[in-house]
Structure formats: C-alpha cells, structure tokens
Amino acid sequence: MRSNLRYSKITRIFITHMHGDHIFGLPGLICALSGASAEKRRAGVHKDPEPLYITGPPGICEYVRATMSCSRTVLGLTLVVTELTAPGNGVPGYGADAGRDDQSAVRRQVHFAADHRCKMFLGERWPDNGASTAPVFKDKEGWKRAWAGQLELPFWTVHREKPANVGGSRGGPVGGLVVRAAPLRHPVPCFGYVIDEPDVAGRIDVDKCVALGLQPGKEYARLKNGFDVVAPDGTTITPTQVLGCDRPGRRLCLLGDTCDSIGIAAIAKGADVLIHESTFAAVKHDEAVYKGHSTSVMAGEFAQMISARNLLLTHFSNRYCEGGSDGSETYAGGKQQRDDEVEDDMALPEDAPVDMRAAAKEEFTAVQGLVREAAHAKGDLRVVAASDFFSFNVQRRETFDDSDRAKGNREALFDGPSIAPPLETYEDARARMADGVKGYYSPNYSGNGGAENRGRISGQGGYRGRGRGWGNDGFSGARGRGYGGRGGGSYHNDGGSGNGGYQSTGTVRGDGTRGFKRGEDGSFQRLPSSRNDSGGGESGGDHGNNGAPRRGRPIAVPRPTRGGSEAYQNVSRDR
C-alpha cells in the first residue's frame, strides 16, 4: 500500500461488501494500525489512542472477530465494528435525531464487548428512516418499484465528525464531516457511501483587516472559523466584515460493486466526485447485469442522473488493458487474451443472456474505450479511469454552480450531534460474561439476529448460541465444526466434551484423552476412548449421530503388525 496518510490518521474504515477482493486486506491493516498505536503508547507519545471504527454489511462483525481470534491478535487499540442492518420495524436508527429519543431502540443498538479486555465491540445500526432492507439481487420487481418511487429504501448516517472550530458559527454547533450509506444491487449485501463536507468560509480580505487595525496573524484563522476578533486598538471585527462569500463544501460518492445504484441516488446528488465501477463495455450489458456489475454506459448515465461533476471509473474486467484506444492493444507478453481465459466476478441472478459473447469481436480491449463510452453517456469529458496508485485531487471551488445547488440544503445534515456508536461499559460487560450471556453477532449467523439472540458463553469470553460461537482458544458451534477452545485445544464439535481427539456432533464423548499418539517406532497408536452413547460410535471420528458411519471421512482403523502392537492407517469408509 502506498499512501501519504499516516497510520495514526486512520480512524474509520467503511466496507462496501463481503467479497474477498474487498475485505481480505482488512485484517492486515487492523494489525498494522494496532501495532502503531501500541508502539506510541509504550513510547509515551499516544497514551489513549482513538478507537478504530469499522462499518460494513452484515457479516463484517463475524469476519473481524474470526480473523482477530484465529490470528491471536492482541489489540493495541479499541476496535468498534458496526453492521448496517434494516430490521424493518419502522424505528429510526441511532443516526437519526428521532432514533436517539427511543431509549429501547438505542439499547438494542448498543455495541457489546467481544473479549474480556473490552478491546473489541460489535453491534449494529438501524437505518435513519426505519425502512426495511433493500430487495435481494434477484428481485427485479422490487428494484423496479424503487425506481418508480413506490418502495422506500433504507439509508444510514454512520458518522458525523466534530469540527475543529467548536463554538464558532461554521459547520454547525456540533457536527462537521458526515458519512452516509445506502444499499446497492449486487449478489451479496452491498453499500455505497456518501461523504459530505460543510461549506467553508470565503477568502479573507487582508486589505480590509489591515484598514480595521488587524495585522496578519493567528486572529485571521479565528475570523475564518466564525469568531469575532478584537483589534489592538479595541475595534471589534466580525467575520462578515472581512470574509467573502462561502465556498461550497465537497461531496464524494464511493460505490461498491453494483448493477443498480438507485438506492443511493437521493443522497448522492451533486457529488463532486462519483467513484463507480465499470466492469464491462456497453456491448456486454446483459452479461454485466447477470453478474451484478455495471457497464461504462451505466456508470455515465448514473453520473448524469445525480449531476456528478467528475466520474472515476474502477473495477475493470481483466479483458480490458490500459493503453491506447484503437482496439489493437495486447496484454503483457504480447498475447491477446480471449474471453474464455478471463474469470470475472461471481453472480447468479436472473436469466442468463442469450449469447454473452455475440459481439466479442466488435468489442474493444482498452480501458480508454470504456472512458469514451462513459463520457458520451455522461454528456461531458470529466471522466477518468482509475488505476493502481492513482490519486485524484478534488479541488475546492470559489463559487456555487448547478452541481452544488443539486445537493440541496444541507444545514440540518451538519447541525446534528455526534453519533458515535453506544458502547457497553466495562463493568456491564464483565457482569454479562460472568452470567453467561452472550453479546452481539451477525444476523447472518443467528435465528433472531443481533443483540436480541441470547445464549450461553462458551470458553473464555466467547459465546455459544445458534450458529458459531467463539471462545478464547477458538470456537465451538451449535452446528457444523468447531475448532479448539477446550483443554488441549484439539478439534471438536458442539456435542462433544472433554479434551481429546475429534468428536462427532452430539453423540461422542471424550474421556480426557487425545485419541492418538506417536509411538517410539514412529507409528500412530490409539489411546483409550469411550464408546458412542448408541453403542456404535468411536471417538476416532468414524461414526456420527446414532453410530452411523460418516461418508468419505478418513478414519483410523487398527491393523496387526509383526511386533504385536497396533499401528494405524488412513482409509476412507462410505456408508
């Protein structure tokens, strides 16, 4: 990663969706930020680091918890992970003014500690408008109703930053930079984010200030922040006397993978920069929608729809190379890549196109061709193709234009209070864990979802409920496999107990042994083990429920050896 941004400046991370190419780098970044904070604290430079806030779709809590637990990461800062959920109960979330008045709803959005050190907090946030979740990817009729204005889609206010000029008249009494989220159409839950900056003060007229008796200095900054200043001769100078007209604040719109962005259109109007995917050329429209992605024309049309000033194209298919636009480029190595050699993103929505490669010979192979198509659809030439290590300077303008007016009145957006997620206190967390009550985990892994689904704690600081539960040494689930978490940390499932060997779900009970050990001659020898409750299972793992053998699972069976001892070989036994 190449960036001029220092680790200490990164305090918030926003995840669009849970596909691997968008989340696999997150654990490493968390560890890097945690290590940097720990080093500063040990050096006495940064005694109390600011928490790292991560916001994303359902499943992000389980992912972060799993990666931190399995990697045995000792966090050097507080980690607050928030999932954007939409229970559809009509109750506004914590990001809305009305949502903070409902204390019952606030308590249900509290972020619970996930470890005894209270360094990781997991929770959810409901949409500001209380709307239910967006239609699923295959629900074409639902997305059509959204386009027709017959379906209200949810949106979330996920962050409101405090301005540096607290007490001044600029940026509202409390709020500053604001980040909001809205759903996009993709095979998995996906979000786009809109970042709004408040209008800033105009240029200061130095000549007027000098004429009023105020020489250049730090008092100029106070004037720009909205404060009155007293000159050395006692004259009071107000900002309106020496400042020009306000300059428009910028708006950035960053979208994840999508084949329909109508869900975020209402809050993205007038964006100074729209970052939109352009996986395919226009000729492959059917294939793009089939796979949950956009064409260059779709990106350009959406940019025109929301009056975006600049359009940045990303997420190009491997079939498009960087370079010229005459359609004759070749890929690295001088070989032109064929369509059947390209593996694009997954998706299984509506009916497949009749012939996804009918126009393959007519399709260009250069990214610049996508730029031309998007520019034609957008209606101007302010379209850029992003690439590795690409940077784009979003310049601040001096006057308002049509794009700024499309943003509407944003005063209420910035005047709201801080909306940091409510966290469980250390005392409440320890008391809850001592009582055996679990905290929050993703609705994807539970029946009722969220903090309402209560269970018992398993291991040290984890929990066991429906779905997967995490302990201090690993996890054990009520369904499927579990890893570590008890005694010697060996492999076992929820139904098993004791410290030893592999155990089947609900039927095999260990007796404190590990199952196998290596003998002096190098062979594996089985240790004593208990029988299945039904009389047929073995702790070696060859039988499941009611003694039924597992299909295709390698098991250990004894065979005589010349030395009279038992060695073991792996075989596969079917039902």
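The structure under discussion appears in the preceding block.
Calculation criteria
- Residues numbered from 1 in each chain as written.
- Predicted model: local features only at pLDDT ≥ 70, side-chain atom pairs only at ≥ 80, totals over all residues.
- Heavy atoms only, no water.
- Helix = DSSP H or I, 4+ residues; strand = E, 2+ residues; numbered from the N terminus.
- Buried < 20%, exposed > 50% of the residue type's maximum accessible area, 1.4 Å probe, protein only.
- Contact = heavy atoms within 4.5 Å.
- Pairing = 2+ DSSP bridges.
- Axes fitted to C-alpha atoms, helices over the stretch in contact; angles between N-to-C directions.
- Salt bridge = Lys/Arg side-chain N within 4 Å of Asp/Glu carboxyl O.

## Notes on the overall build of the protein
What the protein contains, in helices and strands, is 15 helices and 22 strands. Looking at the protein as a whole, 49% of its 575 residues are labelled buried. Intrachain contacts of the protein at a sequence separation of at least 6 include 60% that bridge at least 24 residues.

## Let's talk about unusual backbone geometry
Positive phi values are uncommon outside glycine, yet Ser307 reaches one of about 60 degrees. Within the fold, Ser307 resides in the loop between helix H11 (296-305) and strand S13 (310-314). The exposure class of Ser307 is partly exposed, given its relative accessible area of 33%.

## Here we look at the sheet that holds strand S14 (residues 383-385)
Strand order across the open sheet formed by 7 strands is S6-S7-S8-S11-S12-S13-S14, with mixed pairing between neighbours. Either end of the sheet is taken by a strand with one partner, and the two such strands are strand S6 (156-160) and S14. Strand-to-strand twist across the sheet, computed as the mean angle between neighbouring axes with direction ignored, equals 20 degrees. Strand direction decides the pairing type here: S13 and S14, joined by 3 bridges, are parallel. Bridging across to S14, Leu311 finds its partner in Val383. Each of strand S11 (251-255), strand S12 (273-277) and S13 is contacted by H11, which is oriented at about 155 degrees to S12, the strand it contacts most.

## Details of the pattern of salt bridges
Considering all chains together, one arrives at 26 salt bridges under this definition. Here Arg405 makes a salt bridge to Asp402, at a shortest N to O gap of 2.9 Å. Placement of both Arg405 and Asp402 in helix H13 (residues 402-406) is noted, with a separation of 3 residues, approximately one turn of the helix. Each member of the pair Arg405 and Asp402 is classed as exposed. The residue Asp404 makes a salt bridge to Lys407 at a minimum N-O spacing of 3.2 Å. For Asp404, a relative accessible area of 5% gives the class buried. One salt-bridge network, held together by shared partners, links Asp272, Arg309, Arg397, Asp401, Asp404 and Lys407.

As far as function goes, none of this settles anything; it's purely spatial.
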